[in-house]
Every structure is written in structure tokens, then in C-alpha cells.
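Chain by chain, the residues:
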Amino acid sequence: MNKILSRCAMFTIIVTFHISINNAAAQIIDLNTFEAFPASNVDISIDGSSATFYEDIFYSPVSLENLSFQMPTDAKTLKFDYELTVALDNEDYFDFYLGDTSAPLFSVGGFADSIIYDAPLVWNDTFEFDISAYSGSSTAMVFGFIYGWEDWGTDSILTISNLEIVERILVPEPSTFILLVLGIMGIMSMRRTT
Ligand SMILES: [Ca+2]
């Protein structure tokens, strides 16, 4: 009977630690640590929380990149907000590359044909991606702003903001802490009876 009680107590403690791992902390990434090409076409805010990309007549893609970004060892999720405004008669895209710089992981945009539309086209959302596989590695991260085949202007604008990495951390929750205490009490009461 005591052995069964002991196993129950151990099980409670193991469950407690499993629940604790699900907690997370967010790390805001300073976009000033990235490199812009051409530098004059990307405005990065002083606090590094946002970057606005402007088109260039001669140079495409306009990009913001860190080819050896050091991922935290407990990296879990990568997040950022984006807003791409494609001006009328422009065809532009936002391409995001992670690790592999030969093919974008994520791409949005299109042709704002003035025959069909009477206002610029806007794509805005929060991009979120599980980066557990990149934990602890040096990974290329590139934000690219590129034109398409039917692009007839340089008036489109792209904004990236709030780039953050969510990390897994070990912080006991109140409810799991109670479970832990119950587990220890189980072991103690069992020892007293032996
Ligand atoms: Ca354009």
C-alpha cells in the first residue's frame, strides 16, 4: 500500500513539471540589429520595434536581413506584424525567409489593377511560426520587398513591426504548485506511517 502511495506522489511531481514547461516569455527583437539594403529605403524606428520599406527604382528586392540570427536555445514561436500597401497599378510582394534564403517561407501581395480596384490593396496581419526546430542555431532571417511582372510604379509601402520570439521557460503555476505540495505531503505522510 505504501509503495502505491509513493508512486502516486512521484507521479504528481512529474505531472507538475510537465505543466510548468508550457509557460513562455517573449523577447522583443531590435530591428536595428538587422541590415537594410539599400539602407536609405528602410526606415527603422529608434526603439527598433518597426521598419518601413520604400521601393527603389533601380534596386529590388529592398531587404532587411540578419543572415546569422542567433536563436535562443528555448525558442518556441516567432511573431511579427506586417502591413503591405500595394499602390494602384503596382504589383509588389512581401517575402519572408527563414533559414532557407532561396525560397520564402511566407509571401503576400499582388497586382492592384486600376481597372478592377479604385484604392490600394492592403495585406495586414500577425505572422506566427513554430521555430522549435531552429532553437539554439544561427539562422538567416530576411524581410524582402519585391516587385512583380506588372509593376508600374514605386509607391507601395511595407511595414514590419513587433518582431518577437517566444521562449519556453520553467515557471510553476499556482495550480501546479499546489499539486507539487500535495505530492510532497503524500511522500511525507507515507514516510511517517513506515
Ligand atoms: Ca511597385
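Residues numbered from 1 in each chain as written. Predicted model: local features only at pLDDT ≥ 70, side-chain atom pairs only at ≥ 80, totals over all residues.

(A) A look at the overall build of the protein chain. In terms of helices and strands, the protein chain carries 2 helices and 11 strands. Traced from its N-terminal end to its C-terminal end, the protein chain shows the element sequence α-β-β-β-β-β-β-β-β-β-β-β-α. The buried share of the protein chain, taken over its 194 residues, is 22%. Long-range contacts, defined as pairs at least 24 residues apart, comprise 79% of the intrachain contacts of the protein chain with a sequence gap of at least 6. (Helix = DSSP H or I, 4+ residues; strand = E, 2+ residues; numbered from the N terminus. Buried ≥ 20, exposed ≤ 12 C-beta atoms within 10 Å, placed from the backbone. Contact = placed C-beta atoms within 7 Å.)

(B) Examining unusual backbone geometry more closely. Following Phe 37, the chain continues to Pro 38 via a peptide bond in cis, the omega torsion being -15°. The topology assignment puts Pro 38 in the loop between β2 (35–37) and β3 (42–44). With an omega dihedral of 5°, the bond running from Ser 60 to Pro 61 counts as a cis peptide bond. The phi dihedral of Asp 89 is positive, around 65°, even though this residue is not glycine.

(C) Quick look at the environment of Lys 79. Looking at the element boundaries, Lys 79 is found in strand β6 (residues 75–86). Distance in space between the C-alpha atoms of Lys 79 and Phe 129 is 6.6 Å, their sequence separation being 50 residues. The contacts of Lys 79, once residues within four sequence positions are left out, are Thr 126, Phe 127, Glu 128, Glu 164 and Val 166.

(D) Structural context of the sheet that holds strand β8 (residues 106–111). What the 5 strands build is an open sheet, ordered β2-β5-β10-β7-β8; its pairing is antiparallel. The open sheet has two edge strands with one neighbour each: β2 and β8. Between one strand and the next, the sheet's axes are offset by a mean angle of 10°, whatever the strand orientation. Where strand β7 (residues 91–98) lies against β8, 6 bridges are found, and the strand directions are antiparallel. Residue pairing for β8: Asp 92 is matched across the bridge by Gly 110. (Pairing = 2+ DSSP bridges. Axes fitted to C-alpha atoms, helices over the stretch in contact; angles between N-to-C directions.)

(E) Seen up close, the nonpolar core. Residues Ala 51, Phe 53, Leu 64, Phe 94, Leu 158 and Ile 160 are the most contacted members of the largest nonpolar core, which totals 30 residues. Counting only elements with at least two residues in this core, the list comes to β4 (50–54), β5 (62–70), β6, β7, β10 (138–147) and β11 (157–168). The greatest single-element share of this core, amounting to 6 residues, is contributed by β6. Apart from the residues lying within four places of it in its own chain, the contact partners of Phe 94 are Tyr 82, Leu 84, Ser 107, Val 108, Gly 109, Phe 145 and Leu 158. (Core = buried A, V, L, I, M, F, W, Y, C linked by C-beta atoms within 7 Å.)

(F) Region of the structure containing the pairing of β4. Every second residue of β4 is oriented toward a common face, the buried set being Ala 51 and Phe 53 and the non-buried set Ser 50, Thr 52 and Tyr 54. Relative to β4, β3 runs antiparallel, the two being bridged by 3 bridges. Its bridge partner being in β4, Asp 43 is matched across the sheet by Thr 52. Linking β3 to β4, which pair antiparallel, is a turn of 5 residues; within it Gly 48 sits at a positive phi near 75°. Judged from the 5 bridges that link them, β4 and β11 form a sheet pairing that is antiparallel. The partner of Ser 50 across the bridge, within β11, is Ser 161.

(G) View of the pairing of β6. Here 9 bridges tie β6 to β11, and the two strands are oriented antiparallel to one another. The residue bridging Ala 75 from the neighbouring strand is Glu 167, located in β11. Two strands pair when backbone bridges link them, and β6 and strand β9 (residues 121–130) are joined in this way by 10 bridges, in the antiparallel orientation. Within β9, the residue paired with Thr 77 across the bridge is Asp 130.

(H) Inspection of the environment of Ser 60 at higher detail. Mapped onto the secondary structure, Ser 60 falls in the loop between β4 and β5. Sequence separation between Ser 60 and Phe 145 is 85 residues, and the spatial gap between their C-alpha atoms is 7.2 Å.

Bear in mind that shape data such as this cannot, by itself, settle questions of function.
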